[in-house]
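# Reading the structure
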Amino acid sequence: MVMGFQVALQPANLFFCFLGVLIGTLVGVLPGLGPVAAISLLLPTTFHVTPVSAIIMLAGIYYGAMYGGSTTSILVNIPGEAASVVTCLDGYKMARQGRAGPALGIAACGSFIAGTIGIIGLMLIAPPLAKMALKFGPPEYFSLMVMGLTILTFLASGPMWKALLMAAFGLFLGCIGMDTLMGATRFTFDIVELSDGIGLVPVVMGLFGISEVLLNVEQSMERSIFETKIKNLLPTLRDWADSLGAIFRGTVIGFFLGVLPGGGAVISSFVSYAVEKKVSKYPEKFGTGVIQGVAGPESANNAATGGAFIPLLTLGIPANAVMAILLGALMIHGMQPGPMLVKEHPGLFWGAVTSMYLGNVMLLVLNLPLIGLWVKILKVPYPILFPLILLFCLVGSYSLNNSITEALIMVIFGLIGYLFKKFEYEAAPLVLALVLGPMMETALRRSLLLSAGDPMIFLTRPISAALMLISFFLLAFPFVPWLKKKHAGLSQGEAKK
Amino acid sequence: MSRFINDQVSAAVWLALGLMLAIASVRYGLGTLDSPGTGFMPFLAGLAISLFSFIGMVQATLKQKQGLRWKPTMRGYLWKRALIVMAALLAYALLLKPLGFFLCTALFIGFLLRAVQPQTWSVVIIGAMGTAAAAYGIFQIWLQAQLPKGPWGF
């Protein structure tokens, strides 16, 4: 930790941490541009800085966006980014009741507490996990990635077949380009730029950024910002008494869901809201302006950001789309995330972790007094804002490789993302599968080579078998109530005879 | 279209796509289990897409028999605006190199400000030129992004 503070407190790194959290908060405030798109857009700018500064800034954008997202959810009833969707339910109602200040205040304070605890968890769990990960071979990696995809599809909204289909499509997209084991190209249609595969950045910018704009322009673009004098930002003792339990529950939920590949801030916030409703003495009041409905999810999504760094930094496996881009950033800078990262680059690891402490303090300071500024930015009319968002996306995708093909891929995936939303398909499993796909394929083929073609290798090795069992359980679980009903129906039919 | 529901149509499209991808993967060589070939993983992915979409079609058909109907995806939405934006995005990508960054950006912003939800001409002109200049300054000069120069040198 001492080394970490020495790295994080360097003026350049402090500056990039501040820049990251400021941009992240702005991105979180603005609807339509989430942390994935923002990190994708700013990734090329990090090529000119050191790897430590790059990761500090990009990480700052991620957890900064979680803070910023709550502002629009509470004041405008439009989530700034997906992990703040749930905050709209009670946060906006609190604002309508003249309690915007306590809602914003508890969201900021809860996020700070949860973010800090999440970082402590990261600090304690990552090094021993990295040691354990040295025992992982190709079968364990494959099984872990299967479990990660299964968890994400299990927790996705909508029918599971859709989420699984998206994941399968993402795996296919990950196959486009060079087969690294055989040296042959697949599905490139003689397009040179595709020989390295379909880039993650244009795909996510298209699926999440462009499609969101297309959906927004289809509707009335007027939005009313609730005009209220925001006062008394600091929560009262009563607010603290009501929220403390929710904050700590949200922290635990967010941290552990953030660690799991396939989990993340979005799912954490939904699960936290559901838990708060379940444990509350007055569940019927949720949705009418209950402070626990803000405290829990906002804490969960911030704790998840700390947890999400664990599989990335210790196993080299991204837990979600944002981590996938950070993985790309680390590799561009010549770092290989994985069990050896803590040992070979302790400055990067501990510097990044420590900078998150500092980033959380900066965010608390930024968010409370600057709420007035964020509200002014929100008042920029959307018909003027969306061309800027599109421009940033276009330039961002082009400048990755100075290639029009990347920009066209982004536009095409923007149309695909738009159609996905019309037909209610979620893009998150596709993105995770796109990132994990090449690693999964390599792990699968190496495992089969190791076992001379025997697929039982995934079940005979204990860690791999445990991970596969969890995946199977999650896949079978949705059918269990159906099976129970069917069995009950059959039994009743026989009794009547 | 109203004879079917949304999920039936989308699942049918996915089923066709999945089968096409699986068949196309075969020509890359599937290899054997102890030495999987280049086409192995895309073949599995194509099969998985086909399988899940088939399950989806069955579920959707059951729901249709229970009375679920086609849910309009475009009615009530200003979908022509989305079409205009898509066209503008494609045009930008295709015209970026021939026209250069500055001019292409100015035209792109100006078109969107006027075509989607019409702003006044002063807003359109100032917005277009101002944005192009600011973007040029940020991306080309500050971030050194190497953006295309048109025949006019910018």
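Residues numbered from 1 in each chain as written. Chains lettered and ligands numbered in written order. Predicted model: local features only at pLDDT ≥ 70, side-chain atom pairs only at ≥ 80, totals over all residues.

## Comments concerning the overall build of chain B
If you tally the helices and strands in chain B, you get five helices and two strands. Listing each helix as α and each strand as β along chain B from the N terminus yields α-β-β-α-α-α-α. In terms of C-alpha radius of gyration, chain B reaches 24 Å, well past the compact-globule figure of 15 Å for 154 residues. Its C-alpha atoms put chain B at 55 × 50 × 20 Å along the principal axes. Split into buried and exposed, the 154 residues of chain B put 36% on the buried side. Put simply, of all contacts in chain B between residues at least 6 apart along the chain, 60% involve residues at least 24 apart. (Helix = DSSP H or I, 4+ residues; strand = E, 2+ residues; numbered from the N terminus. Rg over C-alpha atoms; globule rule 2.2 N^0.38 Å. Buried ≥ 20, exposed ≤ 12 C-beta atoms within 10 Å, placed from the backbone. Contact = placed C-beta atoms within 7 Å.)

## Describing the overall build of chain A
Helix and strand content of chain A: 22 helices and two strands. Classification of the 497 residues of chain A by burial places 60% in the buried group.

## Structural notes on the packing of helix H11 (residues 265-279) of chain A against helix H12 (residues 292-315) of chain A
All names here are of chain A. The geometry of H11 relative to H12 is characterised by a closest axis approach of 8 Å and an angle of 145 degrees between their N-to-C directions. Of the two possible hands of crossing, H11 and H12 adopt the one that is right-handed. Note on element contacts: H12 touches H11 through Gln292, Gly293, Gly296, Pro297, Ala300, Asn301, Ala304 and Thr305, opposite Ala265, Ser268, Ser269, Ser272, Tyr273 and Glu276. By residue class, the composition of the contact of H11 with H12 is five nonpolar, eight polar and one charged. (Axes fitted to C-alpha atoms, helices over the stretch in contact; angles between N-to-C directions. Left-handed = near helix turned anticlockwise from the far one by under 90°. Nonpolar A, V, L, I, M, F, W, Y, C, P; charged D, E, K, R; others polar.)

## A short note on the domain arrangement of chain B
For chain B, the assigned domains are domain 1 (6-65) and domain 2 (79-142). Placing the centre of domain 1 of chain B and that of domain 2 of chain B at their C-alpha centroids yields a distance of 40 Å. (Domains from an automatic or database assignment.)

## Some points on the nonpolar core
In this structure, Ile55, Ala168, Ile325 and Val431 of chain A are the most contacted members of the largest nonpolar core, which totals 208 residues. Sort the elements by how many residues they give to this core and helix H4 (residues 51-76) of chain A lands first, with 16 residues. A domain-level breakdown of this core finds at least three residues from each of domain 1 (6-65) and domain 2 (79-142) of chain B. (Core = buried A, V, L, I, M, F, W, Y, C linked by C-beta atoms within 7 Å.)

## Some points on the confidence of the model for chain A
Residues and elements named next belong to chain A. A residue-level look at chain A finds 88% of positions with pLDDT of 70 or above and a mean pLDDT of 80. Mean pLDDT across the elements of chain A ranges from a minimum in helix H22 (residues 479-496), with 50, to a maximum in helix H8 (residues 160-175), with 93. In this model residues 487-497 is a low-confidence stretch, pLDDT under 50, and it forms zero contacts with partners more than four residues away in sequence or in other chains. (pLDDT = per-residue confidence, 0-100.)

## Looking at helix H4 (residues 101-115) of chain B
In an α-helix, one full turn covers 3.6 residues, which means residues spaced three or four apart are oriented alike. Here H4 of chain B contains 15 residues, and its C-alpha end-to-end distance of 21 Å stays within 8% of the 21 Å for a straight helix at 1.5 Å per residue. On the buried face of H4 of chain B, the contacting elements are helix H17 (382-401) of chain A together with helix H3 (79-99) and helix H5 (121-142) of chain B. (Expected span 1.5 Å × (residues − 1).)

## Let's talk about the packing of helix H6 (residues 100-133) of chain A against helix H15 (residues 346-367) of chain A
Residue and element names in this part refer to chain A. Where H6 contacts H15, the axes come no closer than 10 Å and their chain directions differ by 180 degrees. Relative to H15, the element H6 is oriented roughly antiparallel. Along its contact with H6, which presents Ala108, Phe112, Gly115, Thr116, Ile119, Leu122 and Met123, the element H15 presents Val353, Met356, Tyr357, Asn360, Leu363, Leu364 and Asn367. Residues belonging to the contact of H6 with H15 are distributed by class as follows: 10 nonpolar, four polar and no charged. (Parallel < 35°, antiparallel > 145°, perpendicular 65-115°, else oblique.)

## Examining the interface of chain A and chain B
The parts lose accessible area when they come together, and the size of an interface is often stated as this lost area. Listed by partner, the interface residues are 49 residues for chain A and 51 residues for chain B. Contributing elements (two or more residues each) for the side of chain A that touches chain B: H8, strand E2 (184-186), helix H9 (200-217), H17, helix H18 (404-422) and helix H19 (428-450) of chain A. Considering each element in turn, the side of chain A that touches chain B owes the most residues, 10 residues, to H17 of chain A. Its residues assigned to classes, the side of chain A that touches chain B shows 36 nonpolar, six polar and seven charged.

## Overview of the confidence of the model for chain B
Residue and element names in this part refer to chain B. Per-residue pLDDT for chain B averages 89, and the proportion of residues at 70 or more is 97%. Looking at the elements of chain B, mean pLDDT is at its lowest for strand E2 (residues 35-36), recorded as 86, and at its highest for helix H1 (residues 6-26), recorded as 95. ipTM for the predicted complex: 0.92, alongside a pTM of 0.78.

## Quick look at the environment of Asp7 of chain B
If you trace the backbone, Asp7 of chain B turns up in helix H1. Considered as a pair, Asp7 of chain B and Gln64 of chain B are 57 residues apart in the sequence and their alpha carbons are 9.6 Å apart.

## Observations regarding the environment of Gly414 of chain A
The topology assignment puts Gly414 of chain A in helix H18. C-beta crowding within 10 Å serves as the criterion here: with 29 such atoms nearby, Gly414 of chain A is assigned to the buried category. Residues Gly414 of chain A and Ser211 of chain A, 203 residues apart in the sequence, show an inter-C-alpha distance of 4.7 Å. Residues in contact with Gly414 of chain A, not counting those within four places in the same chain, are Gly206, Ile210, Ser211 and Leu214 of chain A together with Leu89 of chain B.

## A closer look at H9 of chain A
All names here are of chain A. Taking 1.5 Å of rise per residue, 18 residues should cover 26 Å, and H9 covers 25 Å from first to last C-alpha, within 8% of that figure. Of all the bends in H9, the greatest measures close to 35 degrees and is centred on Gly206. In terms of burial, H9 is a largely internal element, 17 of the 18 residues being buried. (Bend = angle between axes of the 7 residues up to and from the residue.)

## Some details on unusual backbone geometry
Residues and elements named next belong to chain A. The residue Phe187 is not glycine, and still its phi comes out positive at about 55 degrees. Its place among the elements puts Phe187 in the loop between E2 and H9. Located in the positive-phi region is Phe189, a residue other than glycine, with phi close to 50 degrees. Within the element layout of this structure, Phe189 appears in the loop between E2 and H9. By C-beta crowding, Phe189 is classed as exposed, having 7 other C-beta atoms within 10 Å.

## Structural notes on the environment of Arg96 of chain A
Residue and element names in this part refer to chain A. The topology assignment puts Arg96 in helix H5 (residues 85-96). Classification of Arg96 as partly exposed rests on a count of 14 C-beta atoms within 10 Å. Residues Arg96 and Asn216, spaced 120 residues apart in sequence, show a C-alpha to C-alpha distance of 24 Å.

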